[in-house]
Structure formats: C-alpha cells, structure tokens
Amino acid sequence: MQDDRQPSGARPSLFLERQSYRRRRLTDAARLLPILGGALIAIPLLWPRGGDAADGVPLSSAILYIFTCWAVLIVVSVLFGFAARRISTGDDSEPGQD
C-alpha cells in the first residue's frame, strides 16, 4: 500500500493565479522605478568635467538629458498606473476565467 502523503518537511507546491502574479510583478517593477530614476539622473555626475568647452560635456546637454529622463520616468509611471488599473478591473471578473 502506497502512502500518498508528502513527508512532513516537504512544502506543497504553491500555485499563484496569473492576475495575482502579474499584479505582484507590476508592483515590484513600480518599486524599482525610483531606484532606476535615481541611477539615470546620477549619470551626468560621471561625465568628464573640464575647464574648456572641448574637455567636458556642455551644461545644456546635461540639463536636456536630465529632463528627458524625468519625462520618460513620468510616462513609465503613467503606464504602470494604467496597467495596474487594468489588472484590478480584471480581478472583478469571474474567478474561473483567464
């Protein structure tokens, strides 16, 4: 006679629904967005500086880069918001559908 029970130390497999899994990954990505933004905005600190205009990066290029990063971060956060809203409205549907 076989025993179908699992050993006491083994954990049963955990099944996550797709919507729950996607919501968690979206939340993880949204939490990493400020870290990515800080890293992108800090990149001009690594650019070479020089007394002459030929040695370093012009200040106008650095400011343009920073505002471009800022705008991209805003667009990405808006997209995350739309995706979160779409996932939350998808949770209201029947649990058996996917």
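Described below are features of the structure shown in this document. For clarity, every value in this text was computed on a predicted model and none was experimentally measured.

1. Considerations on the overall build of the protein
Looking only at helices and strands, the protein has 2 helices and 0 strands in total. Within the span of the protein, comprising 98 residues, buried residues form 10% of the whole. For the protein, the proportion of contacts with a sequence separation of at least 24, taken over those separated by at least 6, is 60%.

2. Observations regarding the layout of surface pockets
Here the second largest pocket is characterised by a volume of approximately 210 Å³. As for the second largest pocket, its lining consists of 12 residues, and the residues nearest its centre are Pro44, Trp47, Pro48, Arg49 and Val57. For the lining of the second largest pocket, a count of residues per class yields 9 nonpolar, 2 polar and 1 charged.

3. Remarks on the pattern of salt bridges
Counted under the stated rule, the structure contains 1 salt bridge. Arg25 is the salt-bridge partner of Asp28, the closest N and O atoms lying 2.8 Å from each other. Here Asp28 pairs with Arg25, and both are found in helix α1 (residues 18-42), just 3 residues apart, close to one helical turn. A relative accessible area of 31% places Asp28 in the partly exposed class.

4. Here's the deal with the environment of Ile63
Note on placement: Ile63 falls in helix α2 (residues 59-90). Among the residues examined, Ile63 registers a relative accessible area of 40% and is labelled partly exposed. Linking Ile63 and Pro44, residues 19 residues apart in sequence, is a C-alpha distance of 9.0 Å.

5. Re α1
Compared with an ideal rise of 1.5 Å per residue, which puts 25 residues at 36 Å, α1 spans 36 Å between its outermost C-alpha atoms and is within 8% of the ideal. Along α1, the helix axis deviates most sharply at Leu33, where the bend reaches about 30°; the proline Pro34 sits within four residues downstream.

6. Remarks on the environment of Gln19
Mapped onto the elements of the fold, Gln19 is located in helix α1. Between the C-alpha atom of Gln19 and that of Ser88, which follows or precedes it by 69 residues, the distance is 8.6 Å.

7. Considering a nonpolar patch on the surface
Together, Leu59, Ile63, Phe67, Trp70, Ile74, Val75, Val78, Leu79 and Phe82 make up a nonpolar patch on the protein surface, roughly 920 Å² of accessible area in all. Within the fold, Val75 resides in helix α2.

Rules used in this analysis
- Residues numbered from 1 in each chain as written.
- Predicted model: local features only at pLDDT ≥ 70, side-chain atom pairs only at ≥ 80, totals over all residues.
- Heavy atoms only, no water.
- Helix = DSSP H or I, 4+ residues; strand = E, 2+ residues; numbered from the N terminus.
- Buried < 20%, exposed > 50% of the residue type's maximum accessible area, 1.4 Å probe, protein only.
- Contact = heavy atoms within 4.5 Å.
- 1 Å grid on protein atoms, 1.4 Å probe; cavity = no way out; pocket = protein on both sides within 12 Å on 5 of 7 lines; lining within 4 Å.
- Points joined across faces, edges and corners; volume = space filled by probe spheres on them.
- Nonpolar A, V, L, I, M, F, W, Y, C, P; charged D, E, K, R; others polar.
- Salt bridge = Lys/Arg side-chain N within 4 Å of Asp/Glu carboxyl O.
- Expected span 1.5 Å × (residues − 1).
- Bend = angle between axes of the 7 residues up to and from the residue.
- Patch = residues over 30% accessible without salt bridge, like charges linked within 9 Å, V, L, I, M, F, W, Y side chains within 5 Å.
- Areas by Shrake-Rupley, 256 points an atom, 1.4 Å probe, with all protein chains shown as cover.

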